[in-house]
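Chain by chain, the residues run as shown.
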Amino acid sequence: MYQVMLVDDDVMVLNFLEKLVPWQELGFELAGTYTNAHDAIRMSGELVPDLIITDIGMPVMDGLSFIKQLQAGAVKTRFIILSCHDEFHFAQQAVQLGVQDYILKESLSLDGMRDILERVKSRIDDDLHLKLRVDRLHDQAHRSREAMKEKWLRNLLSSPVLEDAALYEQLHEYGLNVTLGHFIPVCCRIHRFHDAIGRYNSEEMVKFIVENAAGELLREEPDVIFFSYSSQEFFLLCACRKELVTNPYDTMARISKHLQKAFAKYLKIEVSVLIGAMVAGAEGMRRELSHLLASADGFFYSSGPVILKSSELEPKMREEDLFLHYAEYSEKLNRLLIEENGDIDSVIAGFLAFIESRKFQPSIVKQFVWKLALDLQLKLKFSLHYDKEKVQHDIGQMLNVSELRDWLLKFMKEAVIHAEQISKKSKKSEIIDAQKYVQLNLHRKITLEEVADRLHLNLSYFSRLYKKETGENFIEHVTRMKMEKARLLLLDPDHTVEKVALMLGYDNKSYFVKLFKQHFGVSPSRYV
């Protein structure tokens, strides 16, 4: 629907046009009516109408002067003139101003207005379609150029040898002043990538928007160019002189801060920035770019988007084996599924506090969380919405620990609800209570008698009921749960087979080994 504005000091003409012309039927929306040009000029800056129909002979400012003033302000609007004057010089001036039609008021009619508006709408449609085709061509050219730059960057990072001359020639082609001799690379990483995808629907769209926005923001920076690397990361490259008449690091800090603020304000995308060391030559640039990519993992534990020099990052992250703690956290998450009113927020907060305090490698943390989630899925038989490929992909995209916290909280809350639904749907309350009791007491010996007594059921009745409802007898279920727990406990190298047996309430190590072998097909020592 195109916007149209009416300007005429004759109120009767305005009423005729406003009331009798079927604007919406003709593809227009009446944005306003004005009896003088000054009010129309003030409002046209806010409304930017597609079409203005104006009288030519108005007091204070006539229609031709009105049109000239709007055109001087670069307003892209079409005009139709209404006039009481059938004189050639008025029509001639209107044509020179690009007016679409010149209508004598004495011949004004509904049919005549309908014909004129249909012609004007057709021209606007044609111009819009042409603009869209031109914009698509520009977008394709832009994407092609950015794709070439990305490919070149990846080749630079993977190439073992690159001549300086070839590097400078390519950078010159991309618009960088290589005669300055030195370069400062900057690595930028989206702080919360899942938020950006949620806002723009896809990784590809996030990347496209970042490329376009960065290009616009750097347009006035003569010695800085943009390189896309992925939908999550991109680089800036600044050409500079080594003689520090003006500090190039201050320049890059200023540009980085401007870009960071603009992205947050206009795109709602938060970006962390890592400013590299000054380098010269192909080998120095390749080495520094690779260093920045590897160092950007340090942003994983930042509480918000930051701008840092690579020398300011925290020391190398811990090489400690996070999976030594797998049995502990797997048990805590499993308990959330079986305990009523479990404090999910507290358990997740404790886990993340532990992760942050130790500063484990982000890739290891994500593997750890993926395995926890996968084990829960296998237990609960989640729907395809939580297939392992999707979970692995979602977790792999997370660039900050806060994203991991949000995802894990959501996942666990849905898992608890799902577990409750499964229990209520498929089992009697006595079976649910019995299984919860088993999960909470795997550390001790559990007998059929004590559980039947706890449920206030006859021993024989409980045994038959359990078999009927689950397809296995109660002791088989207890053994299976203990063996699954044993499998997790044995992942800890400090847990010997004898220690694990005692932790699960087995006084006889040999009996425990026999049960484990029956369940997994190998002895505990070989399983490890």
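Keep in mind that this is a model prediction, so the values were computed, not measured.

1. As for the overall build of the protein chain
On a plain count of helices and strands, the protein chain comes out with 22 helices and 10 strands. Out of the 528 residues in the protein chain, the part that is buried amounts to 46%. For the protein chain, long-range pairs separated by at least 24 residues make up 70% of all intrachain contacts whose partners lie at least 6 apart in sequence. Accessible area of the protein chain: about 27700 Å², with a carbon and sulfur share of 52%.

2. Observations regarding the sheet that holds strand β9 (residues 271-275)
Spatial strand order, β7-β8-β6-β9-β10: five strands in an open sheet with mixed pairing. The outermost strands of the open sheet, each flanked by one partner alone, are β7 (224-228) and β10 (307-309). Recorded for the sheet is a direction-independent mean angle of 20° between the axes of neighbouring strands. Of the strand pairs in this sheet, strand β6 (residues 182-190) and β9 are connected by five bridges, and their pairing is antiparallel. When the bridges of β9 are listed, I190 appears paired with V271.

3. What about helix α18 (residues 459-470)?
With 12 residues, α18 extends 17 Å between its outermost C-alpha atoms, agreeing within 8% with the 16 Å of an ideal straight helix rising 1.5 Å per residue. Within the sequence span of α18, burial applies to F462, L465 and Y466. Down the axis of α18, the buried set is contained in an arc of 100°. They therefore lie on one face. Facing away from the buried side of α18 by over 90 degrees, the exposed positions are R464 and K468. Its side-chain oxygen 2.9 Å from the backbone nitrogen of S460, N458 forms the N-cap of α18. Where α18 terminates, the next one or two residues include G471, which has phi positive at roughly 85°.

4. Structural notes on the side chain of E146
Checked against the element boundaries, E146 lands in helix α5 (residues 110-158). With relative accessibility at 7%, the residue E146 sits in the buried group. Residues contacting E146, with those up to four places away along its chain left out, are E211, F226 and S228.

5. A closer look at the pairing of strand β8 (residues 233-240)
By the criterion of burial, β8 is predominantly enclosed, with eight of the eight residues buried. The alternating pattern of β8 places E233, F235, L237 and A239 on one face and F234, L236, C238 and C240 on the opposite face, and all of these are buried. Alignment of β6 against β8, held across eight bridges, turns out to be antiparallel. What sits directly across from H182, in β8, is C240.

6. Let's talk about the sheet that holds strand β4 (residues 78-83)
Spatially, five strands are ordered β2-β1-β3-β4-β5 in an open sheet, and the strand pairing comes out parallel. Both outer strands of the open sheet, β2 (28-34) and β5 (101-104), are each paired with one neighbouring strand and no more. The sheet shows a mean angle of 20° between the axes of neighbouring strands, taken without regard to direction. Of the pairings in the sheet, the one linking β4 to β5 comprises four bridges and is parallel in character.

7. Here's the deal with the packing of helix α6 (residues 164-173) against helix α10 (residues 281-295)
Relative orientation of the contacting elements α6 and α10 amounts to 70°, with a least axis distance of 7 Å. As judged from the angle between their axes, α6 and α10 are roughly perpendicular. Two secondary-structure elements touch here, α6 through D164, L167, Y168 and L171 and α10 through G281, A282 and M285. A breakdown of the residues in the contact of α6 with α10 according to their chemical character gives five nonpolar, one polar and one charged.

8. Section: the environment of I52
Looking at where I52 falls in the secondary structure, it is placed in strand β3 (residues 51-55). Assessed through its relative accessible area of 0%, I52 is described here as buried. Placed 47 residues apart in sequence, I52 and M5 show a C-alpha to C-alpha distance of 4.8 Å. I52 has contacts with M5, V7, F66, L70, T77, R78, F79 and I80, leaving out every residue within four places of it along the chain.

Quick notes on the rules
Residues numbered from 1 in each chain as written. Predicted model: local features only at pLDDT ≥ 70, side-chain atom pairs only at ≥ 80, totals over all residues. Heavy atoms only, no water. Helix = DSSP H or I, 4+ residues; strand = E, 2+ residues; numbered from the N terminus. Buried < 20%, exposed > 50% of the residue type's maximum accessible area, 1.4 Å probe, protein only. Contact = heavy atoms within 4.5 Å. Areas by Shrake-Rupley, 256 points an atom, 1.4 Å probe, with all protein chains shown as cover. Pairing = 2+ DSSP bridges. Axes fitted to C-alpha atoms, helices over the stretch in contact; angles between N-to-C directions. Expected span 1.5 Å × (residues − 1). Arc of directions from axis to C-beta. Polar contact = N/O pair within 3.5 Å; in protein donor to acceptor, adjacent residues only side chain to side chain. Parallel < 35°, antiparallel > 145°, perpendicular 65-115°, else oblique. Nonpolar A, V, L, I, M, F, W, Y, C, P; charged D, E, K, R; others polar.

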